[in-house]
Amino acid sequence: MNSVEPRPQLQHSHTTYINIICFFLMLFFGFVGGMLPMYGYWQNISWELANASFITGCVLSSVQLADKKWLIPSAGFVLISISFIGFFTLIPCDTPEKIQEVAKNVILIIPSMIMISSYRPFPVWVRFFGFVACVPYVMILVLAKSEIKQEYFQLLLGFGYFLIEVTAVSWGIYFLKILKADRKK
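These numbers come from a predicted model, not from an experiment.

### Side note on the overall build of the chain
A tally of helices and strands in the chain yields eight helices and zero strands. Starting at the N terminus, the α and β elements of the chain follow one another as α-α-α-α-α-α-α-α. Against the compact-globule benchmark of 16 Å for 185 residues, the chain has a radius of gyration of 17 Å, which places it among compact chains. Projected onto its principal axes, the C-alpha positions of the chain cover 65 × 30 × 25 Å. Per-residue burial for the chain yields a buried fraction of 45% across its 185 residues. The long-range share in the chain, meaning contacts at least 24 apart out of those at least 6 apart in sequence, stands at 75%. Side chains of the chain give 14 positive and 10 negative charges; the mean places of these two sets differ by 15 Å.

As structure tokens, then:
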């Protein structure tokens, strides 16, 4: 009788490939959404697909790290997934109030980046880049009570989202490099 137990190395391999695909899909759908007419149906769908891809990639990263006993960065990936549910539910960000609500997710993004940065196999610059990606959201929170025009909030929000996308792709690339290094052992 054949065993139905999963093979851990094969599981890690599949998880790594799926999460890098998810992170690239986030970048792709985020870019496509940015090219579409603002607040249009297809832009919203594209951005929802981007967020769904990111959440999926982060959950897979969390499971993979937990399996390798990296519990703190694993929890960071769960926490950042939760914060992106806020992005997911507030699309379209067509009012100052919604933009401020999205920016409040930075309260969860910052501790999640701190936890993710405890994953030592990531190079320092990748860990640091995650913190840089939080800066536009912090700026939105600080500027929320000012009389600044909504266009500036949109610019900061878009720039912050792009930085998160690049950070996610970097995570995926390094997960792939780590997988290849583990295979050589």
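### Some points on the packing of aromatic side chains
Aromatic ring pairs: the centre-centre distance and the angle between the two ring planes describe each pair. A complete count under the given rule lists 14 aromatic pairs for this structure. A ring pair is formed by Phe54 and Phe84, whose centres lie 4.3 Å apart and whose planes are at 50°; its orientation type is tilted. Residue Phe54 is located in helix α2 (residues 41–67), and its partner Phe84 is located in helix α3 (residues 71–90); the two are separated by 30 residues in the primary sequence. Taken together, a centroid distance of 4.9 Å and an interplanar angle of 85° make the contact between Tyr119 and Phe122 edge-to-face. Looking at Tyr119, the relative accessible area reads 2%, which means it is buried. For Phe122, a relative accessible area of 1% puts it in the buried group. Through a chain of ring-to-ring contacts, the aromatic side chains of Phe23, Phe54, Trp70, Phe77, Phe84, Tyr119, Phe122, Tyr161, Trp171 and Phe175 assemble into a single cluster.

### What to know about empty space enclosed by the protein
According to the stated counting rule, one finds one cavity of 30 Å³ or more in the structure shown. A volume near 40 Å³ is recorded for the largest cavity. Considering the residues around the largest cavity, the lining is formed by Met113, Ile116, Ser117, Phe122, Val126, Arg127, Gly130 and Trp171. A per-element tally of the lining of the largest cavity places helix α6 (residues 124–132) first, with three residues.

### Thoughts on the pattern of salt bridges
Under the counting rule described, the total for this entry stands at one salt bridge. Between Asp182 and Lys68 there is a salt bridge, with its nearest N and O atoms 3.6 Å apart. Residue Asp182 is found in helix α8 (residues 150–184), and its partner Lys68 is found in the loop between α2 and α3; the two are separated by 114 residues along the sequence. Residue Asp182 is classed as partly exposed on the basis of its relative accessible area of 31%.

### Things to note about helix α7 (residues 135–143)
Within α7, the full set of buried residues consists of Pro136, Tyr137 and Ile140. Buried residues of α7, seen end-on, are gathered within an arc of 100° and therefore sit on one face of the element.

### A look at the side chain of Ser83
Note on placement: Ser83 falls in helix α3. The buried category is assigned to Ser83, whose relative accessible area is 0%. Among all residues touching Ser83, those that are not within four sequence positions of it are Asn105, Leu108 and Ile109.

### So, the layout of surface pockets
By volume, the largest pocket amounts to about 420 Å³. Residue lining of the largest pocket: 17 residues in total, with Gly30, Trp47, Leu157, Gly158 and Tyr161 positioned closest to the centre. Listed by contribution, the elements that provide at least two residues to the lining of the largest pocket are α1 (8–35), α2 and α8. When residues of the lining of the largest pocket are assigned to their parent elements, the largest contribution, six residues, is made by α8. Here the residues of the lining of the largest pocket sort into 11 nonpolar, five polar and one charged.

Definitions and cut-offs
Sequence order as written defines residue numbering, which begins from 1 separately in each chain. With the structure being a predicted model, the display of local features is reserved for residues of pLDDT at least 70 and the display and counting of side-chain atom pairs for 80 or more, all residues being used for whole-chain, interface and lining totals. Side-chain figures throughout are based on the complete set of non-hydrogen atoms in the structure, without hydrogens or water. By definition, any uninterrupted DSSP run of H or I lasting at least four residues is a helix, any uninterrupted run of E lasting at least two residues is a strand, and each is numbered from the N terminus. For the radius of gyration, the atom set is restricted to C-alpha positions; the globular benchmark scales as 2.2 Å times the number of residues to the power 0.38. Classification of residues uses two cut-offs on accessible area relative to the type maximum, computed with a 1.4 Å probe and protein chains only: under 20% is buried, over 50% is exposed, and between them is partly exposed. Contact definition: two residues touch when any of their heavy atoms are within 4.5 Å. His is not counted, nor are the chain ends, whereas Lys and Arg count as positive and Asp and Glu as negative. Where a charge lies is defined by one atom per residue type, namely NZ (Lys), CZ (Arg), CG (Asp) and CD (Glu). Two rings belonging to Phe, Tyr or Trp (six-membered ring only in the last case) form a pair when the distance between their centres is within 6.5 Å. Interplanar angles under 30 degrees mark stacking, angles over 60 mark edge-to-face geometry, and anything in between is tilted. Whether a set of points on the 1 Å grid over the protein atoms alone is a cavity depends on a 1.4 Å probe fitting there but being unable to get out, while an open set qualifies as a pocket with protein on both sides within 12 Å along at least five of seven lines; lining residues are those with an atom within 4 Å of a point. Grid points are joined across faces, edges and corners, and a volume is the space filled by probe spheres set on the points. Salt bridges are defined by distance alone: a side-chain nitrogen of Lys or Arg within 4 Å of a carboxyl oxygen of Asp or Glu. An arc is given here, and it is the one of the directions from the helix axis to the C-beta atoms. Polarity classes work like this: nonpolar for Ala, Val, Leu, Ile, Met, Phe, Trp, Tyr, Cys and Pro, charged for Asp, Glu, Lys and Arg, and polar for all others, with Gly in that last group.

Remember, this is a structural readout, not a statement about activity or role.
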